Each structure stands twice: as structure tokens, then as C-alpha cells.
Amino acid sequence: MSREVTLTLLVDDLEHSCSDKALTIDEVLTVIGERGFGPLVLIMALLVLLPTGAVPGVPTACGLCIVLIAGQLVIGKRRPWLPARLRRLSIDRMRYKQVAGRIKPWTRRVDRLVKPRLSMLTDGVMARLIGVVMVVVALCMPPLELLPFAAAGPAFGLVLTSLGLVGRDGLWVLIGLVPAVASFALVGYVAVDFF
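The model shown is predicted, which means the values in this text are computed figures rather than measured ones.

Parameters at a glance
- Sequence order as written defines residue numbering, which begins from 1 separately in each chain.
- Under the rules for a predicted model, residues below a pLDDT of 70 receive no local features and side-chain atom pairs below 80 are neither given nor counted, while totals for whole chains, interfaces and linings still include all residues.
- The side-chain figures draw on all heavy atoms in the structure; neither hydrogens nor water molecules are used.
- What counts as a helix is a DSSP run of H or I of at least four residues, what counts as a strand is a run of E of at least two, and both are numbered from the N terminus.
- Our radius of gyration looks at C-alpha atoms and nothing else; its globule reference is 2.2 Å times the residue count to the power 0.38.
- Burial status follows relative accessibility: with a 1.4 Å probe on protein chains alone, a residue under 20% of its type maximum counts as buried, one over 50% as exposed, and anything between as partly exposed.
- When checking whether two residues touch, look at their non-hydrogen atoms; a contact exists if any pair is within 4.5 Å.
- Exposure was quantified through the Shrake-Rupley algorithm and a 1.4 Å probe, taking into account, for residues, occlusion by the shown protein chains and nothing else.
- His is not counted, nor are the chain ends; Lys and Arg add positive charge and Asp and Glu add negative charge.
- Charge coordinates come from a single atom per side chain, which is NZ of Lys, CZ of Arg, CG of Asp or CD of Glu.
- Interaxial angles span 0 to 180 degrees and are taken between N-to-C directions of axes, which are lines fitted to C-alpha atoms, for helices over the stretch in contact.
- With respect to orientation, any angle under 35 degrees is reported as roughly parallel, any angle over 145 as roughly antiparallel, any angle of 65 to 115 as roughly perpendicular, and every other angle as oblique.
- Two helices that cross are described as forming a left-handed crossing if the nearer one is turned anticlockwise from the farther one by less than a right angle, and a right-handed crossing if clockwise.
- By the convention adopted, Pro, Cys, Tyr, Trp, Phe, Met, Ile, Leu, Val and Ala count as nonpolar, Lys, Arg, Asp and Glu as charged, and the other residues, Gly among them, as polar.
- We call a set of buried Ala, Val, Leu, Ile, Met, Phe, Trp, Tyr and Cys residues a nonpolar core when their side-chain atoms join them within 4.5 Å.
- How far a helix is expected to stretch is found by multiplying one less than its residue total by 1.5 Å.
- Think of a salt bridge as a Lys or Arg side-chain nitrogen and an Asp or Glu carboxyl oxygen that are within 4 Å of each other.

S.K.: When you look at the overall build of the protein chain in this model, what are you seeing that I'm missing?
M.R.: The secondary structure content of the protein chain amounts to 9 helices and 2 strands. Taken over the C-alpha trace, the protein chain has a radius of gyration of 17 Å; the compact-globule value for 195 residues is 16 Å, and the two agree within 12%. For the protein chain, the spread of C-alpha atoms along the three principal axes comes to 55 × 35 × 30 Å. The proportion of buried residues among the 195 residues of the protein chain is 41%. Considering only contacts within the protein chain whose residues lie at least 6 apart along the sequence, 76% involve residues at least 24 apart. When the accessible area of the protein chain is evaluated, it comes to approximately 10700 Å², of which 70% is carbon and sulfur surface. Side chains of the protein chain give 21 positive and 14 negative charges; the mean places of these two sets differ by 3 Å.

S.K.: What is the right way to look at the packing of helix α3 (residues 37-49) against helix α4 (residues 58-74) in this model?
M.R.: Between two packed helices, the angle of one axis relative to the other and the distance separating the axes together describe the packing. The contact between α3 and α4 brings their axes to 9 Å, and the two run at 165°. The angle between the axes of α3 and α4 places the two elements in the roughly antiparallel class. Relative to α4, α3 is oriented so that their crossing is left-handed. Counting all contacts with α3, which are made through Phe-37, Leu-40, Val-41, Met-44, Ala-45, Leu-47 and Val-48, the residues of α4 involved are Val-58, Pro-59, Cys-62, Cys-65, Ile-66, Ile-69, Gln-72 and Leu-73. Residues of the contact of α3 with α4, tallied by class, amount to 14 nonpolar, 1 polar and no charged.

S.K.: Help me understand the nonpolar core, please; the structure alone is not making it clear to me.
M.R.: Nonpolar side chains tend to gather and get buried jointly when the protein is soluble and globular. Ranked by internal contacts, the top residues of the largest apolar core, which has 35 residues, are Ile-66, Met-134 and Leu-158. Among the elements of the structure, α1 (7-15), α3, α4, α7 (124-144), α8 (152-167) and α9 (170-194) are those that each provide at least two residues to this core. Counting 6 residues, the second largest nonpolar core, distinct from the first, contains Leu-14, Leu-23, Val-28 and Tyr-96.

S.K.: How should the side chain of Thr-161 be read in this particular structure?
M.R.: By the element assignment, Thr-161 lies in helix α8. When neighbours within four sequence positions are excluded, Thr-161 is seen to be in contact with Ile-130, Met-134, Trp-172, Val-173, Gly-176 and Leu-177.

S.K.: In this structure, what is going on with the side chain of Thr-122? I would like to understand it.
M.R.: With respect to the element layout, Thr-122 can be found in the loop between α6 (93-113) and α7. By relative accessible area, Thr-122 is classed as buried at 6%. Those residues in contact with Thr-122 that sit more than four places away from it in its chain are Ala-127, Ile-130, Gly-164, Leu-165, Arg-168, Asp-169, Gly-170 and Val-173.

S.K.: I tried to follow α4 on my own but got confused; where do I start?
M.R.: Because the α-helix completes a turn every 3.6 residues, residues three or four places apart line up on one side. Between its first and last C-alpha, α4 extends 24 Å over 17 residues, near the 24 Å set by a 1.5 Å rise per residue. All of the buried residues along α4 are Pro-59, Cys-62, Gly-63, Ile-66, Ile-69, Ala-70, Gln-72 and Leu-73. The secondary structure elements touched by the buried residues of α4 are α3, α7 and α8. Once α4 finishes, Gly-76 follows within two positions and takes phi at roughly 90°, a positive value.

S.K.: What is the right way to look at the packing of α7 against α8 in this model?
M.R.: For the pair α7 and α8, interaxial distance at closest approach is 9 Å and the crossing angle is 160°. By the angle between their directions, the pair α7 and α8 is classed as roughly antiparallel. Considering only the axes of α7 and α8, their crossing is left-handed. Two secondary-structure elements touch here, α7 through Ile-130, Met-134, Val-137, Ala-138, Met-141 and Leu-144 and α8 through Pro-154, Ala-155, Leu-158, Thr-161, Ser-162 and Leu-165. Of the residues assigned to the contact of α7 with α8, the class counts are 10 nonpolar, 2 polar and no charged.

S.K.: Any chance you could explain the pattern of salt bridges here in plain terms?
M.R.: Note on pairing: side chains with opposite charge can pair once their charged atoms come close. Tallied over the entire structure, the rule returns 2 salt bridges. Taking the shortest distance from any N to any O, the salt bridge between Arg-117 and Asp-169 comes out at 2.9 Å. Taken together, the positions of Arg-117 in the loop between α6 and α7 and Asp-169 in the loop between α8 and α9 put the pair 52 residues apart, joining distant regions of the chain. With a relative accessible area of 0%, Asp-169 lands in the buried category. Among the salt bridges present, the one from Arg-168 reaches Asp-123, with a minimum N-O distance of 2.6 Å. Linking Arg-168 in the loop between α8 and α9 with Asp-123 in the loop between α6 and α7, this pair joins segments that are 45 residues apart in sequence. Residue class for Asp-123 comes out partly exposed when judged on its relative accessible area of 33%.

Structural data, given as C-alpha cells:
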């Protein structure tokens, strides 16, 4: 890539992508292109990590969406594919600009922490392995939904890993593996205890 990819640049790219009145999911996918796997997983994982994750069904739905997205990374897709119905969903462009203005101070803080390093852990075959890890961790969410707030563990791991993928920061990918492995172990413990 010719320039460093940051969350703030992704937000800016979407803000200036075109002058239509609405910003569609299809347009988002076009703008973020091959960078799209990390941001999409990040959004889904944040939905589980934030208070919205306490709503019954949200961890399972988000986990399955992450499996769909990360599965495409595993098989080597260049950009994420979503069903046409989802791609047509849109948000008013002025509303997006308001939201973008509010989140930019936060994305700038994150951008200071996430920077290209150990990038061999986020490219090529390693990116596919990250996809495998994301699929496995996302599959932990539905059974952990049975325990209050337990799905936040894998979601936290996915947030860290997807941040690493967005910023080509292998250190964040490695840090994200800690809660991911812990979540997998918790599912194993719950399964053994249940059966």
C-alpha cells in the first residue's frame, strides 16, 4: 500500500467518497476495498463488547457475521462480500458526517497506538491464519452467550486483532490472541462442565 492505513483515514475516505445524499454499505465496501475485513470485524466485535452485547441474540448474530467475513479472508477474497440486501442499506450522508466528526478524536487516539510493525504477521498467508483465528473465536460467541457478558471476552480479542489487521500491526494481533485463547479455553471448560 502506498500510504499508512489508519482508522481516521478510513473515516475520512468514506466522508469524501462521493456527494450523494446517502452512504450505502456497497459504497463503504468499495471505498475500503481489501482493507474491509478488519473494519467490518471491528464493528461487529464492538457491538458485542459494548452494552449492545447484553441484548439476547446480538453476540450470536455478530459472531455469525464475523464467521462470514473472516471466512472470506481465509479463502483469499480480495474484498468482503455481503448479500445484496445488506449492501443496499444506507445512512444519510449528513448524519454520517456528524458521527464521523464525533468519533475522529477517538480514532486519532487509537491511530497513535496502532502502527505498522511486525507486518509480516498481517500479510499473505498470515492474514489467512488470522482469518482462521477470527472464525474460531467468533464461533465461541454463541455458546458463551449463555453466560452473562462472557461473549465480551472473544469480542475483546477480535477488537484487538482487527485493529492489528487494519493498521498492519502484528503486535496488536499477538495481544488479541490472549483473550481469544482464553475464550476458547472457557468454551471448552463450559462444554466439559455441561456434558
